[in-house]
Amino acid sequence: MTKTATRPSARRRATLCPFCRERTRARQDCQTCGAPPDLVQAPGPIKSERVKLGHGPKGRFGLLGRSTATGSMIRLTYSAEGATNNTRLRLGQRRPLLEELTAVLPVKVRRGALSGVWEDGKIRVAQRVTLVGGPTTQVPDTLRVDYLVWNRERRKRKIGLRAMVDTLIGSNDGVPFMVPGGQGILSHSKEFKELVPPYVQAIERPDPIDPGAIVHLTLRGADATPPDRLVVDHWPGSAGAYEFFRGHGKSWGRDSAVGLYWNLELEAGEVRRCTYLYGLGGMSSLESGNAKVSLTVPKRAPVGEAIFLAGRVFSAAPGSKVRLEIPAGFTSQDPLLQEVEADAEAAFAFVGWDVAASEAGTFALRVVVLDPSGAEESAESVEVTIS
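Now for a description of the structure that goes with this document. Treat the numbers as computed from the prediction; the structure is a model and nothing was measured. (Residues numbered from 1 in each chain as written. Predicted model: local features only at pLDDT ≥ 70, side-chain atom pairs only at ≥ 80, totals over all residues. Heavy atoms only, no water.)

**Section: the overall build of the chain**
Logical step 1: Along the chain, the regular secondary structure elements total two helices and 28 strands.
Logical step 2: On the principal axes, the C-alpha backbone points of the chain span a range of 90 × 55 × 40 Å.
Logical step 3: Out of the 387 residues belonging to the chain, those deemed buried represent 53%.
Logical step 4: A total of about 17600 Å² of accessible surface is found on the chain, and carbon and sulfur atoms cover 48% of it.
Logical step 5: Looking at the chain, you have 51 positive and 42 negative side-chain charges, and the mean spots of the two groups are 13 Å apart. (Helix = DSSP H or I, 4+ residues; strand = E, 2+ residues; numbered from the N terminus. Buried < 20%, exposed > 50% of the residue type's maximum accessible area, 1.4 Å probe, protein only. Areas by Shrake-Rupley, 256 points an atom, 1.4 Å probe, with all protein chains shown as cover. Lys, Arg positive; Asp, Glu negative; His and termini not counted. Charge placed at Lys NZ, Arg CZ, Asp CG, Glu CD.)

Laid out in C-alpha cells, this is it:
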C-alpha cells in the first residue's frame, strides 16, 4: 500500500509575528508589519506591580509608576492614557501624526503587546509597546517602545520619525532632568545632535535615601536605537508640530517634554527599527542608605559596549573630589579622579564616567568621595554583569 504524504495545513505553517503579534508564515517576514522573524524577541506579560500602562484607541500611550515615597501610583506622563504625547512622521513635505495615517492593524493589546500598524501609500509604520526589565533596576517597570518603518516602494526614501513624551512626575509637570556626559542638571531648553546622551533621568525630589519616583529615559544600550537628535523643551501641545524646539536656554516653565528624532534613509523594501525605553529608574542609595553619594548604571551590558556610570554627590564641600575604582579588564574614557563642582544652589553635584569591559562576568565598580584634604569621606559600590 502506497502512503500519500499530506501537506501541512496553513494553520500549522503559521506562527506569531515577534513584533505585531499577528499570524504570519513561519520563518518569513511578517506580511503585516514587515518584521523579519529574528528581528525582535516576543514580549512577555504587560502587567506589573510597579507600573501601569494606559492607552487610547489611536495608539497614544501613557504610564503610571509607583512612588517609593508614598507607595501609591503616580503619573509619569501628564496623561495616564498618553493623550498629550504624540508621534509624527516626516514624509516629503508632510509631517502627519502617526494616527492620521491609514490603519492597517487597529490598536489593541495582543498577546502581551500594545500594537498597531499604519500606512501612507507604500510606507508602513508599526508601533509596539511592551513591558520589560528596567536597565538600572532589572525588574519589570519600564516600557519598551518600538517602531518599525517599512519602505515598500521600489526606490530609496528619506523618512523622519519623531516621538514626543510629555514628561511628568506626580504633580510636577516641569521636572528638571539629569543628563549624563558632562551636561549636569538641565532646567532649560536644549538640543542634542552630535552627542546625544545615553539616557535622561529625573527624580521626584533630590533625596538620596527617599527620592520618590525616578524616571529613566534610555536612548543607548538595552537594545535602544540612539536617536539622531534629542530635544528637551516646553511641551508643544497634544498636536505639537514635528519640530518644536524654540532655541537653547529658554525656560519651559511648569511644562516640559522630550522629543526623539530618527532620520532614516531606507532602500527599497528595507525595514528599520527605532526603539527607546521609558519607565522607572534606580539609584544605589535606595539599597545602601548612603546619604552622601548615589550611583546609577545599567545592571547588564554586552562585552565591549560603553556604559555610563553616573554619580550624585550630596552636600559636597568646595574642593572635594571623587575617584572611580575599576577592576581589571575595565577601561574608562574619562579621568578616574574628578573634581566635584559643588553648587550652593544645587541639591547635589553630578559626576560620571563612560566605562567598558573586555570580558564577561560580574564586577564591582566603586566610587570614593574625598574631602578637600584628600581623606576618604564616603564610598559607594555597584555591581554590573557583563555578558
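**A closer look at the sheet that holds strand S28 (residues 376-386)**
Logical step 1: Across the sheet, five strands lie side by side as S21-S28-S27-S23-S25; this open sheet has mixed pairing. The open sheet terminates on both sides in strands that have one partner only, identified here as strand S21 (300-301) and strand S25 (337-339).
Logical step 2: Bridging between strand S23 (residues 321-325) and S25 involves three bridges; their strand directions are antiparallel. Its bridge partner lying in S25, Val322 is registered against Gln338. (Pairing = 2+ DSSP bridges.)

**Examining the sheet that holds strand S22 (residues 307-314)**
Logical step 1: Taken together, the four strands give an open sheet; going across it, the order is S20-S22-S26-S24, and neighbouring strands pair in antiparallel fashion. Sheet topology places strand S20 (293-296) and strand S24 (330-332) at the edges, where each strand pairs with a single neighbour. The mean angle between the axes of side-by-side strands here comes to 30°, regardless of whether they run parallel or antiparallel.
Logical step 2: Judged from the three bridges that link them, S24 and strand S26 (residues 348-357) form a sheet pairing that is antiparallel. Bridge assignment links Phe330 to a residue of S26, and that residue is Ala357. (Axes fitted to C-alpha atoms, helices over the stretch in contact; angles between N-to-C directions.)

**Details of the packing of aromatic side chains**
Logical step 1: In the structure shown here, the tally under the stated rule is six aromatic pairs.
Logical step 2: Between Phe308 and Phe350, the ring centres sit 6.4 Å apart and the planes meet at 10°, which makes this aromatic pair stacked. Placement of Phe308 in strand S22 and of Phe350 in strand S26 is noted, with a sequence separation of 42 residues between them.
Logical step 3: Overall, the relative accessible area of 5% leaves Phe308 in the buried class.
Logical step 4: Phe350 sits in the buried class, given a relative accessible area of 18%.
Logical step 5: Taking the centre distance of 5.2 Å and the plane angle of 75° together, the rings of Phe330 and Phe363 count as edge-to-face. (Phe/Tyr/Trp six-rings, centres within 6.5 Å; stacked < 30°, edge-to-face > 60°.)

**A word on empty space enclosed by the protein**
Logical step 1: Following the criterion strictly, the structure yields three cavities of 30 Å³ or more and no others.
Logical step 2: Considering only enclosed or pocket space, the largest cavity measures out at about 130 Å³ in volume.
Logical step 3: At the level of elements, strand S6 (86-91) and strand S11 (157-165) are the ones that each hand at least two residues to the lining of the largest cavity.
Logical step 4: In terms of residue count, the dominant contributor to the lining of the largest cavity is S11 (three residues).
Logical step 5: Per-class residue counts for the lining of the largest cavity are seven nonpolar, five polar and three charged.
Logical step 6: Together, Phe61, Gly62, Leu63, Thr77, Asn85, Leu143, Val145, Val165, Tyr276 and Tyr278 line the second largest cavity.
Logical step 7: Elements with a minimum of two residues in the lining of the second largest cavity: strand S4 (61-66), strand S10 (140-151) and strand S19 (271-280).
Logical step 8: The element that contributes the greatest number of residues to the lining of the second largest cavity is S4, accounting for three residues.
Logical step 9: Its residues assigned to classes, the lining of the second largest cavity shows seven nonpolar, three polar and no charged. (1 Å grid on protein atoms, 1.4 Å probe; cavity = no way out; pocket = protein on both sides within 12 Å on 5 of 7 lines; lining within 4 Å. Points joined across faces, edges and corners; volume = space filled by probe spheres on them. Nonpolar A, V, L, I, M, F, W, Y, C, P; charged D, E, K, R; others polar.)

**Points about the nonpolar core**
Logical step 1: Core analysis: the biggest nonpolar cluster contains 50 residues, and Phe177 and Tyr276 have the highest contact counts within it.
Logical step 2: The greatest single-element share of this core, amounting to five residues, is contributed by strand S18 (residues 256-266).
Logical step 3: Ignoring any residue separated from it by four or fewer positions in sequence, one finds Tyr276 in contact with Phe61, Leu143, Arg144, Val145, Tyr147, Ala163, Val165, Leu217, Thr218, Leu260 and Trp262. (Core = buried A, V, L, I, M, F, W, Y, C linked by side-chain atoms within 4.5 Å. Contact = heavy atoms within 4.5 Å.)

**Quick word on the side chain of Ser256**
Logical step 1: Examined against the element boundaries, Ser256 turns out to sit in strand S18.
Logical step 2: Ignoring any residue separated from it by four or fewer positions in sequence, one finds Ser256 in contact with Asp166, Thr167, Asp173, Gly174, Val175, Phe177, Asp233 and Trp235.

**Regarding the environment of Leu219**
Logical step 1: As for its position among the elements, Leu219 is in the loop between strand S16 (214-218) and strand S17 (229-234).
Logical step 2: The exposure class assigned to Leu219 is buried, which follows from its relative accessible area of 1%.
Logical step 3: Each C-alpha atom, one on Leu219 and one on Val384, is 19 Å from the other, the two residues being 165 residues apart in sequence.

**Points about the pairing of strand S7 (residues 102-110)**
Logical step 1: In this structure, S7 lies alongside strand S8 (residues 113-120), joined through six bridges in antiparallel fashion. Among the inter-strand pairings, Thr102 is bridged to a residue of S8, identified as Glu119.
Logical step 2: Linking S7 back to S8 in an antiparallel pair, the connection comprises two residues, with Arg111 at a positive phi of about 50°.

**Quick word on the side chain of Gln201**
Logical step 1: You can see Gln201 is positioned in strand S15 (residues 199-203).
Logical step 2: In this structure Gln201 touches Pro176, Phe177, Met178, Ile214, Val215, His216, Gly281, Gly282, Thr296 and Arg312, once residues within four positions along its chain are discounted.

**Quick look at the pairing of S26**
Logical step 1: A large share of S26 lies buried, amounting to 10 of its 10 residues.
Logical step 2: Residues Phe348, Phe350, Gly352, Asp354 and Ala356 line one face of S26 and the alternating positions Ala349, Val351, Trp353, Val355 and Ala357 line the opposite face, and both faces are buried.
Logical step 3: Judged from the eight bridges that link them, S22 and S26 form a sheet pairing that is antiparallel. Residue pairing in the sheet places Val313 in a bridge with Ala349 of S26.

**Observations regarding the pattern of salt bridges**
Logical step 1: All told, the structure shown has 22 salt bridges when counted by the stated rule.
Logical step 2: The partner of Arg220 in a salt bridge is Asp354, with the nearest N and O atoms 3.2 Å apart. A residue pair is termed long-range when its members are at least 10 positions apart, and Arg220 in the loop between S16 and S17 and Asp354 in strand S26 qualify at 134 residues.
Logical step 3: With relative accessibility at 31%, the residue Arg220 sits in the partly exposed group.
Logical step 4: Residue class for Asp354 comes out buried when judged on its relative accessible area of 15%.
Logical step 5: Among the charged side chains, a salt-bridge network with shared partners connects Arg128, Arg144, Asp146, Asp223 and Arg273. (Salt bridge = Lys/Arg side-chain N within 4 Å of Asp/Glu carboxyl O.)

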